[in-house]
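# Overview (structure and organization)
As a plain string of letters, each chain reads:
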Amino acid sequence: MFYLTLVISFFAAILLTPLVKKLAFKIGATDKPNHRKVHVKIMPRLGGLAIFLSFIIGIMIIHPDGEYHLPILIGGIIIILTGMLDDVKEISPKLKLAGQIAAAAVVVIWGNLNVDFINLPFGGRIEFGFLSIPLTMIWIIGITNAINLIDGLDGLAGGVSTIALLTIAGMSIIQGNIYVSVMALILAASTAGFLLYNFHPAKIFMGDTGALFLGFMIGVLSLLGYKNVTFISLIIPIIILGVPISDTFFAIIRRLVNKQPLSAPDKSHLHHCLLRIGFTHRQTVLLIYAMSTVFGLVAFIFSQATVWGSLIVILTLLIAIEIIVEKIGLIREDYKPLLKFMKGIKPVNMKNNN
């Protein structure tokens, strides 16, 4: 029955997306081209509504049983309404943030989903106390916006989200967390169905309706399996979401370095940089898919490693990220401290003194 539910959710998205496309044009939920955007014609957005409805159909069939199920659904409805309002009316960033805070608050405060403490790898633990609620809300809101920020190319946010959801589902199956795996797989199936219309050349965009909903759900589901756990385990969802988190982190660094407001839009995100150095639209999306898959595989390796092995994996991953950032100019074209350092290291010549 579960596998049939995934098939139904997948085909529901395929059938619903053309209807949502017509609705988008009818209510004015369209995206007009400008200097920051890659598309050159008016495009319907609101595609995330098809993902949401397909997801709802799936969970109505399977009825997943979880402690946080009702708060998650209510939070999801709040975030969907926020995204739809933005896709139609282009609301202010403050109002959009208010919707995200409300959705996160429903799950964290009413649903009581928060990280209270973490066990440290070498003994002891950190108690968050009254900070547990704001820190958990910051995580959910941060991931929500991270997915929204990478929604800049056809199929990019949808594909990266699907890979992240499949990774979360896989990790949850290993941990025996059936609820998270079921929710993640149904959402992945719904998103994959929508991707048939959204991959380059896209016929419809998911809009903020989709990006915010996917980000919210990924932020929540990634926490469910890692509540009150070790410091090492808490890093796993960060690795799984390595692409959107890295892109968001370096966007903040880039704006600080260039003395720009943090909310200032630019054309220097990961996908923009890859396009600028010569990759085609489709190649860029597939390359970022590959990066997301690598992060997912690293998360699996990390979860099975010893403490010292985990530290080595993290160090290697951080060095690799820094090299990529410098290679593609994600912060600034002339920002290459590690590459310059590596270039300055000359091999030692072994001289025979005999």
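Worth saying up front: this structure is predicted, and the values here are computed from it rather than measured. (Residues numbered from 1 in each chain as written. Predicted model: local features only at pLDDT ≥ 70, side-chain atom pairs only at ≥ 80, totals over all residues. Heavy atoms only, no water.)

## A look at the overall build of the chain
Scanning the chain from N- to C-terminus turns up 14 helices and four strands. Put simply, the chain has 354 residues, and 51% of those count as buried. A sequence separation of at least 24 residues applies to 72% of the contacts in the chain between residues at least 6 apart. Of the roughly 17,100 Å² of accessible surface on the chain, a fraction of 70% belongs to carbon and sulfur atoms. (Helix = DSSP H or I, 4+ residues; strand = E, 2+ residues; numbered from the N terminus. Buried < 20%, exposed > 50% of the residue type's maximum accessible area, 1.4 Å probe, protein only. Contact = heavy atoms within 4.5 Å. Areas by Shrake-Rupley, 256 points an atom, 1.4 Å probe, with all protein chains shown as cover.)

## Section: the confidence of the model for the chain
Per-residue pLDDT for the chain averages 86, and the proportion of residues at 70 or more is 89%. Looking over the chain, one finds the lowest element-wise mean pLDDT in strand 3 (residues 117-119), namely 70, and the highest in helix 2 (residues 48-62), namely 96. (pLDDT = per-residue confidence, 0-100.)

## Regarding the layout of surface pockets
Approximately 550 Å³ is the volume found for the second largest pocket. In terms of lining residues, the second largest pocket is bounded by 20 residues, among which L135, I138, W139, I143 and I238 are the most central. Of all the secondary structure elements, the ones that give two or more residues to the lining of the second largest pocket are helix 5 (132-149), helix 9 (231-240) and helix 10 (242-257). The dominant element in the lining of the second largest pocket, judged by the number of residues it contributes, is helix 5, at eight residues. When grouped by side-chain class, the residues that make up the lining of the second largest pocket number 16 nonpolar, four polar and no charged. (1 Å grid on protein atoms, 1.4 Å probe; cavity = no way out; pocket = protein on both sides within 12 Å on 5 of 7 lines; lining within 4 Å. Points joined across faces, edges and corners; volume = space filled by probe spheres on them. Nonpolar A, V, L, I, M, F, W, Y, C, P; charged D, E, K, R; others polar.)

## Re the packing of aromatic side chains
Tallied over the entire structure, the rule returns six aromatic pairs. Judged by centre distance (5.1 Å) and plane angle (80 degrees), the rings of F249 and F250 are edge-to-face. Taking relative accessible area as the criterion, F249 reaches 45% and is therefore assigned partly exposed. Cluster of aromatic residues (ring-pair linked, three or more members): F52, F55 and F213. (Phe/Tyr/Trp six-rings, centres within 6.5 Å; stacked < 30°, edge-to-face > 60°.)

## Overview of the packing of helix 6 (residues 156-175) against helix 12 (residues 281-304)
Running from N to C, helix 6 and helix 12 point in directions that differ by 15 degrees, and their axes come no closer than 9 Å. By the criterion of interaxial angle, the relationship of helix 6 to helix 12 is roughly parallel. Crossing angle aside, the handedness with which helix 6 passes helix 12 is right-handed. Packed against helix 6, whose contacting residues are L156, G159, V160, I163, T167, G170, M171 and I174, the element helix 12 presents V285, I288, Y289, S292, T293, G296, A299, F300, S303 and Q304 at the interface. (Axes fitted to C-alpha atoms, helices over the stretch in contact; angles between N-to-C directions. Parallel < 35°, antiparallel > 145°, perpendicular 65-115°, else oblique. Left-handed = near helix turned anticlockwise from the far one by under 90°.)

## Digging into helix 13 (residues 307-328)
Over its 22 residues, helix 13 runs 32 Å from end to end, which matches the ideal 32 Å to within 8%, given 1.5 Å per residue. Here helix 13 has its buried residues at S310, V313, I314, L317, I321, E322, V325, E326 and I328. Looking one or two residues past helix 13, G329 carries a phi angle of roughly 70 degrees, positive in sign. (Expected span 1.5 Å × (residues − 1).)

## Notes on the packing of helix 1 (residues 2-27) against helix 7 (residues 178-198)
Packed helix pairs are characterised by how far apart their axes lie and by the angle those axes make with each other. Interhelical geometry of helix 1 versus helix 7 gives an angle of 35 degrees and a closest axis separation of 8 Å. Between helix 1 and helix 7 lies a crossing of right-handed hand. From helix 1, F2, T5, L6, S9, F10, A13, I14, T17 and P18 reach across to helix 7, where they touch V182, L185, I186, A189, S190, A192, G193, F194, L196 and Y197. Tallied by class, the residues present in the contact of helix 1 with helix 7 amount to 14 nonpolar, five polar and no charged.

## Describing the pattern of salt bridges
For the structure shown, the criterion picks out five salt bridges. A salt bridge links R45 to D87; the nearest nitrogen and oxygen atoms lie 3.9 Å apart. Of this pair, R45 sits in the loop between strand 2 (43-44) and helix 2 while D87 sits in helix 3 (residues 69-89), and the two are 42 residues apart along the sequence. With respect to burial, R45 and D87 carry one shared label: buried. Through salt bridges with shared partners, one network takes in D31, R45, D87 and E90. (Salt bridge = Lys/Arg side-chain N within 4 Å of Asp/Glu carboxyl O.)

## Side note on the nonpolar core
M217, L221 and I239 are the most contacted members of the largest nonpolar core, which totals 93 residues. With 12 residues, helix 7 is the single largest residue contributor to this core. Discounting chain neighbours no more than four positions away, the residues touching M217 are F55, I72, M183 and L187. (Core = buried A, V, L, I, M, F, W, Y, C linked by side-chain atoms within 4.5 Å.)

## So, helix 1
Helix length check: helix 1 (26 residues) gives 35 Å between terminal C-alpha atoms against 38 Å at 1.5 Å per residue, within 8%. Most pronounced at L16, the bend in helix 1 amounts to some 30 degrees, and the proline P18 follows within four residues. For helix 1, the secondary structure elements touched by its buried residues are strand 1 (30-31), strand 2, helix 2 and helix 7. After helix 1 finishes, the residue G28 shows a positive phi value of roughly 80 degrees. (Bend = angle between axes of the 7 residues up to and from the residue.)

## Points about a nonpolar patch on the surface
Taken together, M1, L4, V7, I8, F11 and I57 make up a surface patch of nonpolar side chains, about 540 Å² in accessible area. Within the secondary structure layout, M1 lies in the segment before helix 1. In this structure M1 comes out as exposed when scored by relative accessible area, which is 62%. (Patch = residues over 30% accessible without salt bridge, like charges linked within 9 Å, V, L, I, M, F, W, Y side chains within 5 Å.)

## Quick word on unusual backbone geometry
The step from H200 to P201 runs through a cis peptide bond, and the omega angle for that step is -5 degrees. The residue P201 is located in the loop between helix 7 and helix 8 (207-224) in this model. For L46, which is not glycine, the phi torsion reads 85 degrees and is therefore positive. Following the sequence through the fold, L46 ends up in the loop between strand 2 and helix 2.

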